[in-house]
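The primary structure of each chain is shown beneath.
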Amino acid sequence: MMADIEIEIDGKVVHGYSGESLISIADREGIDIPRFCYHKKLSVAANCRMCLVDIEGNPTPQPACSTLSSAGMKVHTNNEGQNCTKGCYGVFVNQPPTGLSNL
Ligand code: FES
């Protein structure tokens, strides 16, 4: 089956299927989008927000795992929202709440 739409991710023109998730297209094209809760063989929960991307024309970052593609989308993966999410997880992993080590 041939891809039927064209979108841009970080300025690179890529092809996908209408309604395919952004993270699926990015994976196929070798574009890295960090994720925790997404796995292609599981249902999409979209809980962790690690995969947030900016989409031109959209006022807020969207999760790439649950956002469906449409022709002409322009997506940016290196954005403020994603950097913030990564920073928050970094703090938790590097400085877990006290008392967890006693469990
Ligand atoms: S990977 Fe968790 S919200 Fe997308």
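Structure first, text after, so check above.
Computed from a predicted structure; not experimentally measured. (Residues numbered from 1 in each chain as written. Predicted model: local features only at pLDDT ≥ 70, side-chain atom pairs only at ≥ 80, totals over all residues.)

Colleague: Can you walk me through helix 1 (residues 22-29) in this structure?
Modeller: Think of an α-helix as 3.6 residues a turn; residues three or four steps apart then line up on the same face. Taken together, the buried positions of helix 1 are L22, I23, I25 and A26. Buried residues in helix 1, looked at end-on, bunch into an arc of 160°, giving them a common side. Turning to helix 1, the residues buried within the fold contact strand 1 (5-9), strand 2 (12-16), strand 3 (52-55) and strand 5 (74-76). Looking one or two residues past helix 1, G30 carries a phi angle of roughly 75°, positive in sign. (Buried ≥ 20, exposed ≤ 12 C-beta atoms within 10 Å, placed from the backbone. Helix = DSSP H or I, 4+ residues; strand = E, 2+ residues; numbered from the N terminus. Arc of directions from axis to C-beta. Contact = placed C-beta atoms within 7 Å.)

Colleague: Looking at this structure, how should I read the sheet that holds strand 5?
Modeller: Hydrogen bonding along the main chain pairs the strands of a sheet, whether they run parallel or antiparallel. Ordered by their spatial adjacency, five strands build an open sheet running 2-1-5-3-4, and the pairing between neighbours is mixed. A single partner strand is all that each edge strand has here, and the edge strands are strand 2 and strand 4 (62-63). Of the strand pairs in this sheet, strand 1 and strand 5 are connected by two bridges, and their pairing is parallel. Across the sheet, I9 pairs through a bridge with V75, a residue of strand 5. (Pairing = 2+ DSSP bridges.)

Colleague: Just to check I follow, could you spell out the environment of M50 for this structure?
Modeller: Within the secondary structure, M50 is located in the loop between helix 1 and strand 3. Sequence separation between M50 and I33 is 17 residues, and the spatial gap between their C-alpha atoms is 8.4 Å.

Colleague: When you look at unusual backbone geometry in this model, what are you seeing that I'm missing?
Modeller: Most peptide bonds take the trans configuration, and most residues that are not glycine carry a negative phi. Unlike most non-glycine residues, D10 shows phi in positive territory, near 50°. Located in the positive-phi region is R49, a residue other than glycine, with phi close to 65°.

Colleague: Would you take a moment to explain the nonpolar core for this structure?
Modeller: What tends to happen in soluble globular proteins is that the nonpolar side chains get buried as a cluster. Formed by 17 residues in total, the largest nonpolar core has its most connected members in L22, I23, A26, C51, V53, A64 and V75. Of all the secondary structure elements, the ones that give two or more residues to this core are strand 1, helix 1 and strand 3. No other element matches helix 1, which puts four residues into this core. Look past the residues within four positions of C51 in its chain and what remains in contact with it is I23, I33, P34, R35, Y38, P63, A64 and C65. (Core = buried A, V, L, I, M, F, W, Y, C linked by C-beta atoms within 7 Å.)

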